[in-house]
Amino acid sequence: MGNGFEDLDLERLRRRRSEKWRLYPADVLPAFVAEMDYDLAEPVIAALRAAVDLDDCGYARPDGLGETFAAFAASRHGWTVDPGRVHLIPDVMAGVDALLTLATEPGDGVVINTPVYPPFFQHIGFARRQVVEVPLARTEGGWELDFAGLEAAFAAGARGYLLCNPHNPTGRVFSADDLGRIAALADRYGVFVMADEIHASLTLPGATHTPFVSLGGAAAEHGVTLASASKAFNVAGLKGAVAVAGSATMERLLARLPESCQFGAGLFGVLASLAAWREGADWLDALLGQLGHARGEFGRLLGERLPGVRYIPPEASYLAWVDCAALDLGSDPAQVFLDRGRVALGHGLDFGAPGDGFVRVTIGTSSELLAVIVDRMAAAIG
């Protein structure tokens, strides 16, 4: 590719102290967590260095956050956001926790589309709500929403819907038409929609992300969009995200967010988000080019070295959802790849029952390290 995204030093990466590089022994190559290997964008680095130089490590303030996010949303997604309806939260899942408490009751059903991000199960349970699974429908060309299943769940009494779009782990970006159908069902059955759009800024060429509440009408009346710079700019540990209302109704709900949402966010998370959204466009565009290359390169490597697996390139982000059933590795192939190949991948069953026989692979790395990941997978099956 001829850019800095390809110039990664594995020994330097191993000096990092995040969970990705500390959970497993040094002989294991980690590709299990949604964290890229690339260096940070220079505007983010500059903002964090300036804060350290000022010994500025106090509590977070959201000054300028609404205006900055609104400008980014307009530029990146064509979405007109009222800055006064942008609320600081520590991260997307903290926002989900708060919204579940405000908009649903203990015992209420909350719909999720499995296979899906594992913390969805845990946080719904911690909130004393009931997980209602409506699995995505698997087709020859990808993954689709099961609208009959959604309507049945809503009609049966589910009061919340935790929508992951772009979808983790499949990489699916749902269309505006799909989102409109969700909004119509939410309106008909009185369902509150929490749209987790944390991977939205990583939508790759060939797909278009539509923020849920940007549809207006029923979507804005029944939904809140949750967004963050954390995945696109690789700053998840700094803690900063936003909850966005598209209507006066939802703004009244967000106005009731507890103070812990502001004070649970990190000042560095806010500063990094401001820098990323204001000045990170060129870096982000280059990143999307790299990820477009990575999804194709990963498919090529699998075709050469593990031709039995099934892989549909993601429409967004840097996560690959790989069907390993043909390899006869059992229901948890990630464990086999770890034990025999010393490569750590996401366990498919962590994403729900539809993950049987799957692994999730983080491909936000260099071509060289992608080849090592696939080589280790291939070595595990001999």
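Here is a short report on the structure shown in this document. On a predicted model such as this, the values are computed, not experimentally measured, just so you know. One numbering rule holds for all chains: residues counted from 1, following each sequence as written. Side-chain atom pairs in this predicted model are given and counted only at pLDDT of 80 or more, local residue features only at pLDDT of at least 70, and totals for whole chains, interfaces and linings cover all residues. Only hydrogens and water are set aside; all other atoms, that is, all heavy atoms of the structure, feed into the side-chain values.

**Re the layout of surface pockets**
Its volume calculated, the largest pocket comes out at about 1,400 Å³. Helix and strand labels come from DSSP, where a helix needs a run of H or I of at least four residues and a strand needs a run of E of at least two; each type is numbered from the N terminus. Within the residue set of the lining of the largest pocket, elements represented by two or more residues are α2 (19-22), α5 (92-103), α12 (267-279) and β13 (343-347). Under the grouping applied here, Gly and all other residues not named as nonpolar or charged are polar, the nonpolar ones being Ala, Val, Leu, Ile, Met, Phe, Trp, Tyr, Cys and Pro and the charged ones Asp, Glu, Lys and Arg. Tallied by class, residues from the lining of the largest pocket come to 22 nonpolar, 12 polar and 14 charged. Residues are called lining when one of their atoms sits within 4 Å of a cavity or pocket point, these points coming from a 1 Å grid over the protein atoms alone, where a cavity is a set in which a 1.4 Å probe fits but cannot get out and a pocket is an open set with protein on both sides within 12 Å along at least five of seven lines. Grid points are joined across faces, edges and corners, and a volume is the space filled by probe spheres set on the points. The volume enclosed by the second largest pocket comes to roughly 260 Å³. Around the second largest pocket, the lining is made up of 16 residues, and of these Pro62, Val86, His87, Leu88 and Gln262 lie nearest the centre. If you list the elements that add at least two residues to the lining of the second largest pocket, you get α4 (65-77), β2 (86-89) and α11 (259-264). The residue makeup of the lining of the second largest pocket, split by class, is 10 nonpolar, 4 polar and 2 charged.

**Digging into the pairing of strand β4 (residues 130-133)**
Looking along a regular strand, one sees side chains alternate from face to face of the sheet. Bridge count between strand β3 (residues 109-112) and β4: 4 bridges; the pairing is parallel. Residue pairing in the sheet places Val110 in a bridge with Val131 of β4. Orient the strands so they point away from the viewer, and a crossover whose first-strand-to-second-strand path over the helix runs clockwise is right-handed. Traced from β3 through helix α6 (residues 119-126) to β4, the parallel crossover comes out right-handed. Strands qualify as paired when DSSP identifies two bridges or more between them.

**Here we look at the side chain of Ser228**
With respect to the helices and strands, the residue Ser228 is situated in the loop between β9 (223-227) and β10 (241-245). By relative accessible area, Ser228 is classed as buried at 6%. N or O atoms within 3.5 Å of each other form a polar contact, as long as, within protein, one can give a hydrogen and the other can take it, and as long as residues adjacent in sequence are counted only when both atoms are side-chain atoms. There is a polar contact of 3.0 Å between the side chain of Ser228 and the backbone oxygen of Gly240. It only takes one pair of heavy atoms within 4.5 Å for two residues to be counted as in contact. Other than its neighbours up to four places away in sequence, Ser228 contacts Ile198, Gly240, Ala241 and Trp277. Relative accessibility thresholds used throughout: buried, under 20% of the residue-type maximum; exposed, over 50%; partly exposed, between the two (1.4 Å probe, protein chains only).

**As for the sheet that holds β9**
Sheet strands pair via backbone hydrogen bonds, and the direction of the pair is either parallel or antiparallel. Spatially, 7 strands are ordered β2-β10-β9-β8-β7-β3-β4 in an open sheet, and the strand pairing comes out mixed. A single partner strand is all that each edge strand has here, and the edge strands are β2 and β4. Direction aside, neighbouring strands of the sheet carry axes that sit 25° apart on average. Axis definition: a line fit to C-alpha positions, over the contact stretch in the case of helices; interaxial angles, taken between N-to-C directions, run 0 to 180 degrees.

**Re α5**
Here the expected span of a helix is defined as 1.5 Å times the quantity of residues minus one. Compared with an ideal rise of 1.5 Å per residue, which puts 12 residues at 16 Å, α5 spans 16 Å between its outermost C-alpha atoms and is within 8% of the ideal. Of all the positions in α5, only Val92, Met93, Gly95, Val96, Ala98, Leu99, Leu100 and Leu102 are classed as buried. Of the residues that open α5, the one with a side-chain oxygen 3.2 Å from the backbone nitrogen of Met93 is Asp91.

**Observations regarding the packing of aromatic side chains**
Any aromatic ring pair is given by two values, namely how distant the centres are and how the planes are angled relative to each other. Stacked, tilted and edge-to-face are the three classes applied to pairs of Phe, Tyr and Trp rings, where Trp contributes its six-membered ring and a pair requires centres within 6.5 Å; stacked means planes under 30 degrees apart, edge-to-face means over 60, and tilted covers the rest. Following the criterion strictly, the structure yields 14 aromatic pairs and no others. With 6.0 Å between their ring centres and 35° between their planes, Phe72 and Trp277 make a pair best called tilted. Residue Phe72 is located in helix α4, and its partner Trp277 is located in helix α12; the two are separated by 205 residues in the primary sequence. Pair check on accessibility: Phe72 and Trp277 agree, each one buried. One aromatic cluster in this structure is built from Phe5, Tyr38, Phe233 and Trp283. Geometrically, a charge over a ring is one whose NZ (Lys) or CZ (Arg) sits within 6 Å of the ring centre while staying within 35 degrees of the ring normal. It is Arg181 that lies over the ring of Phe147; its NZ or CZ is 3.8 Å from the centre.

**Observations concerning the pattern of salt bridges**
Within this document, salt bridges are pairs made up of a side-chain nitrogen of Lys or Arg and a carboxyl oxygen of Asp or Glu, the two lying within 4 Å of each other. A full pass over the atoms with the stated rule returns 17 salt bridges. Close ionic contact of Lys239 with Asp91 constitutes a salt bridge, the shortest N to O distance being 2.8 Å. Pair noted here: Lys239 is in the loop between β9 and β10 and Asp91 is in the loop between β2 and α5, with a separation of 148 residues, a long-range link. Of the residues examined, Lys239 reaches a relative accessible area of 33% and is grouped as partly exposed. In this structure, Arg305 and Asp375 form a salt bridge, with 2.4 Å as the shortest nitrogen-oxygen distance. Placement of Arg305 in helix α13 (residues 281-305) and of Asp375 in helix α15 (residues 367-380) is noted, with a sequence separation of 70 residues between them. Several salt bridges converge on common partners, so that one network encompasses Glu297, Arg300, Glu304, Arg305 and Asp375.

**Digging into the state of the cysteines**
In plain terms, two cysteine sulfur atoms within 2.5 Å form what is called a disulfide here. Taken as a whole and assessed by the stated rule, the structure comprises 0 disulfides. Looking at Cys164, it has no disulfide partner, and the nearest cysteine sulfur is the one in Cys261, 19 Å off. According to the relative accessible area criterion, Cys261 is buried, its value standing at 5%.

**Focus on the environment of Gly289**
With respect to the element layout, Gly289 can be found in helix α13. Taking the relative accessible area as the measure of exposure, Gly289 reaches 38% and is therefore partly exposed. Spatially, the C-alpha atoms of Gly289 and Leu204 are 8.1 Å apart, while their sequence positions differ by 85 residues.

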